Each structure stands twice: as C-alpha cells, then as structure tokens.
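# Structural overview for review
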Amino acid sequence: MLYIPIGIPGCGKSTLAQLMVEAEIIDQDSIVNPDRLRELLTGDITSMEANRSVFQIAHKITYERIKYGLDVYFDATNLKKSDLIEVLKLSPVISQDTITLIYSDTPDEESLKRNSQRERQVPDFVMEKMIQRKKSLDIKALLLEFNVKYVTQSTFTETVKERIFALTCPDPRFPVEAIQ
C-alpha cells in the first residue's frame, strides 16, 4: 500500500505516520521522509541545495519498496499536483486497493500554531506559500484522473487510534491496566 499524506507543515502528517507504526499498519521502514534524507545527505535538514537528489532518492526507495510488495508512507507535503502525480506514478498499479491519499483537514491556524512551537520552524513566508499551494490543489480533478482511495486526515487518524486501542486493549471487558 502506498500512503500519500497531503498537507502543510505542522498538520500532523509525521504524527500520523508514527501512529500507523504504533497501530502496526506500517513499520518504521515504510516511512519515506525527504527531510530525513536531506539531513542524511547534507547534514542539514533545512538545506535545499540537494533537493533534487533528495527527491530522486525518495522516489527510488518508494518505487523499490512497492516493487517488493512493501508499504510506503511518503511523508512530504505533496501539495503540488506535478509532485503528487510523480509519486502516484511510482506505483505500477494505481487503484483504491494500492494507494490512499490522506488529505489534511487540520485547520491552517492549528498547523501554524504547531509550527511556531516546534524546535525547527518552517519560516512564515514558506508556510504562507504552502497554504496557497494547498488552496490551489484541485483534489477533485486529481481523483477523476486517478482511481485512488481518498480520506481526510482526521477520519484516518481516528481509525488508526481505534486500531491502537484494539491492540492495547483487545477486549473492552478486560482492560490491559487491570491485568497484572
């Protein structure tokens, strides 16, 4: 399965990835994060000098994992239609069975607030640029072009949290805390 979150920095894309790992939907190796690759290549997560190489490597990892039947969570903003299509086309089969777009419905104000509380903040002018990209992304047209599953982030997050609860407390009559 290829999971493609779509949203501005601070909307919860990486948090959702970690929740999915906790829920055993994906494993940690499934997360392809260009920021992490940028840091590995340049030593600086904010450096845009190697951005082309970063995304070439991220796409190669994604393609190879899909080829071997492994899950991928492509943890990037994915706000430009051309970039999103490039990721979609990494899957040999584009269908609801193999790809899920997870569109962030986190309010922009909440994402901006979270960003301001981070150790590594995305500059305000970049956040504004990302918000504009999000507003101009025509999801409906994309869905007409590609037959993929589409969910909102809040709905998907709730489903993931329910799965985490089911794993930690499989039978509500016997809470884990009560078992000593």
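Description of the structure in this document. (Residues numbered from 1 in each chain as written. Predicted model: local features only at pLDDT ≥ 70, side-chain atom pairs only at ≥ 80, totals over all residues. Heavy atoms only, no water.)

It is worth spelling out the side chain of Thr106 at this point. Looking at the secondary structure, you find Thr106 in the loop between strand 4 (99-103) and helix 5 (108-116). Only 2.8 Å separates the side chain of Thr106 from the backbone oxygen of Cys11, close enough to count as a polar contact. In this view, Thr106 contacts Cys11, Ser111, Arg114, Lys134 and Gln153; residues no more than four positions away in its chain are not counted. (Helix = DSSP H or I, 4+ residues; strand = E, 2+ residues; numbered from the N terminus. Polar contact = N/O pair within 3.5 Å; in protein donor to acceptor, adjacent residues only side chain to side chain. Contact = heavy atoms within 4.5 Å.)

We now examine the packing of aromatic side chains. Tallying each qualifying case throughout the model produces three aromatic pairs. With 6.1 Å between their ring centres and 50° between their planes, Tyr3 and Phe156 make a pair best called tilted. Residue Tyr3 is located in strand 1 (residues 2-6), and its partner Phe156 is located in helix 8 (residues 153-168); the two are separated by 153 residues in the primary sequence. In this structure, Tyr3 and Phe156 share a single accessibility class: buried. Measuring from ring centre to ring centre gives 6.3 Å for Tyr103 and Tyr150, while their planes differ by 35°; the resulting arrangement is tilted. One end of the pair, Tyr103, is in strand 4; the other, Tyr150, is in strand 5 (residues 149-152), with 47 residues separating them in the sequence. (Phe/Tyr/Trp six-rings, centres within 6.5 Å; stacked < 30°, edge-to-face > 60°. Buried < 20%, exposed > 50% of the residue type's maximum accessible area, 1.4 Å probe, protein only.)

Turning our eyes to something else, we now look at the nonpolar core. Counting residues in each nonpolar core, the largest one holds 31 residues, and the members touching the most others are Ile4, Ile6, Leu88 and Leu101. At the level of secondary structure, the elements contributing two or more residues to this core comprise strand 1, helix 3 (51-67), strand 3 (72-74), helix 4 (81-88), strand 4, helix 6 (124-136) and helix 7 (139-145). For this core, the element with the most residues is helix 4, which contributes four residues. Not counting chain neighbours up to four residues away, the residues in contact with Ile4 comprise Asn78, Leu84, Val87, Leu88, Ile99, Thr100, Leu101 and Ile102. Within the second largest apolar cluster, 14 residues are counted, among which are Ile26, Ile31, Ile102 and Phe156. (Core = buried A, V, L, I, M, F, W, Y, C linked by side-chain atoms within 4.5 Å.)

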